[in-house]
Amino acid sequence: MITIIADEGKNRIGESLYQDFLAKEVQVDYISLEQVEIKPCVSCGACTYKTYRKCIVRDDGDWIYPKCIKADALIFVTPITFGSYSFKIKRVFDKFGLIMDEHYYVKNGEIVKGGKKGGEFKFFAIGINENCIEEEIKAFKSLVNENLIITRGIGNSYIVDSELTYEMRRKIIEEVLSA
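Residues numbered from 1 in each chain as written. Predicted model: local features only at pLDDT ≥ 70, side-chain atom pairs only at ≥ 80, totals over all residues. Heavy atoms only, no water.

In the nomenclature of an unreviewed UniProt entry, the chain is known as Multimeric flavodoxin WrbA-like protein of Clostridium intestinale URNW.

**Q** I'd like a description of the overall build of the chain, backed by residues and values.
**A** Per the secondary structure count, the chain includes six helices and seven strands. Secondary structure elements of the chain occur, N-terminal to C-terminal, as β-α-β-α-α-β-α-β-β-β-α-β-α. For 179 residues, the compact-globule estimate of 2.2 N^0.38 gives 16 Å, and the chain sits close to it at 16 Å. When contacts within the chain are restricted to residue pairs at least 6 apart in sequence, those whose partners lie at least 24 apart make up 70%. Here the chain displays about 9,400 Å² of accessible surface, and carbon together with sulfur accounts for 51% of that area. With 25 positive and 27 negative side-chain charges, the chain shows a separation of 6 Å between the mean positions of the two kinds. (Helix = DSSP H or I, 4+ residues; strand = E, 2+ residues; numbered from the N terminus. Rg over C-alpha atoms; globule rule 2.2 N^0.38 Å. Contact = heavy atoms within 4.5 Å. Areas by Shrake-Rupley, 256 points an atom, 1.4 Å probe, with all protein chains shown as cover. Lys, Arg positive; Asp, Glu negative; His and termini not counted. Charge placed at Lys NZ, Arg CZ, Asp CG, Glu CD.)

**Q** Help me get a handle on the packing of aromatic side chains, residues and values and all.
**A** Aromatic ring pairs are described here by two measures, namely the spacing of the ring centres and the angle between the planes. What the rule picks out here adds up to nine aromatic pairs. Measuring from centroid to centroid gives 5.8 Å for Tyr85 and Phe140, while their planes differ by 80°, and the two rings are edge-to-face. One end of the pair, Tyr85, is in the loop between strand 3 (73-79) and helix 4 (87-94); the other, Phe140, is in helix 5 (residues 134-150), with 55 residues separating them in the sequence. A residue is classified by how much of its surface remains accessible, and Tyr85, at 4% relative accessible area, is buried. Arranged with centres 6.5 Å apart and planes meeting at 15°, the rings of Phe124 and Tyr158 form a pair that is stacked. Note that Phe124 is positioned in strand 6 (residues 122-128) and Tyr158 in strand 7 (residues 154-160), a separation of 34 residues in sequence. We classify Tyr158 as buried; its relative accessible area is 2%. Clustering of aromatic rings is evident, with ring pairs tying together Phe76, Tyr85, Phe93, Phe121, Phe123 and Phe140. (Phe/Tyr/Trp six-rings, centres within 6.5 Å; stacked < 30°, edge-to-face > 60°. Buried < 20%, exposed > 50% of the residue type's maximum accessible area, 1.4 Å probe, protein only.)

**Q** Tell me about helix 5, and name the residues and values.
**A** Counted at 1.5 Å a residue, the expected span for helix 5 with its 17 residues is 24 Å, and the 24 Å between its end C-alpha atoms agrees. If you check which residues of helix 5 are buried, you get Glu136, Ile137, Phe140, Val144, Asn147 and Leu148. Seen from one end, helix 5 has its buried residues packed into an arc of 120°, which puts them on one side. Structural note: helix 5 exposes Glu135 and Lys138 on the side pointing more than 90 degrees away from its buried face. At the C-terminal side of helix 5, Arg152 shows a positive phi close to 55°. (Expected span 1.5 Å × (residues − 1). Arc of directions from axis to C-beta.)

Pasting the structure below:
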């Protein structure tokens with residue numbers, strides 16, 4: 001199962017990718033954040049220690065995070081915002097303590113989470129370049145790489161313009177399915 005979480009606005013890149021996976025008869029979920037409310041993480045630690053894997057802040061994460069837990073691979077689609085994810089995507093990612101093992105430790109001088117419980121965390125991020133300068137694109141790629149390190153995940157980042165070319169679409173699908 002692949003889960004695509006998209007804050008894509010008018011570009012519909014995630015929706016297009018969803019249709020491509022369906023055409024290949026791949027089991028896939030598509031979540032548009034357009035009408036979704038994800039409240040900020042309040043860093044209370046409840047999901048790690050008190051209500052394990054359940055956030056005490058009630059929002060649409062109640063139905064989104066179970067899909068993330070079940071996913072074999074996650075794909076974020078987001079405009080690049082100051083070298084980072086969009087506001088909505090960032091809020092989703094901030095609560096990933098819900099889908100990770102509760103144990104933190106230090107590896108190669110980095111604080112890392114215990115990884116995805118019950119499997120390897122496979123994470124791919126598609127950054128939509130909306131008039132970004134080169135430093136923002138580099139920062140986005142670095143951020144995704146850092147997220148893969150701290151979650152002990154595997155995956156990749158991709159930079160696309162206003163639409164997903166056939167070649168980029170083929171490359172993303174191939175890499176996600178082979179991960």
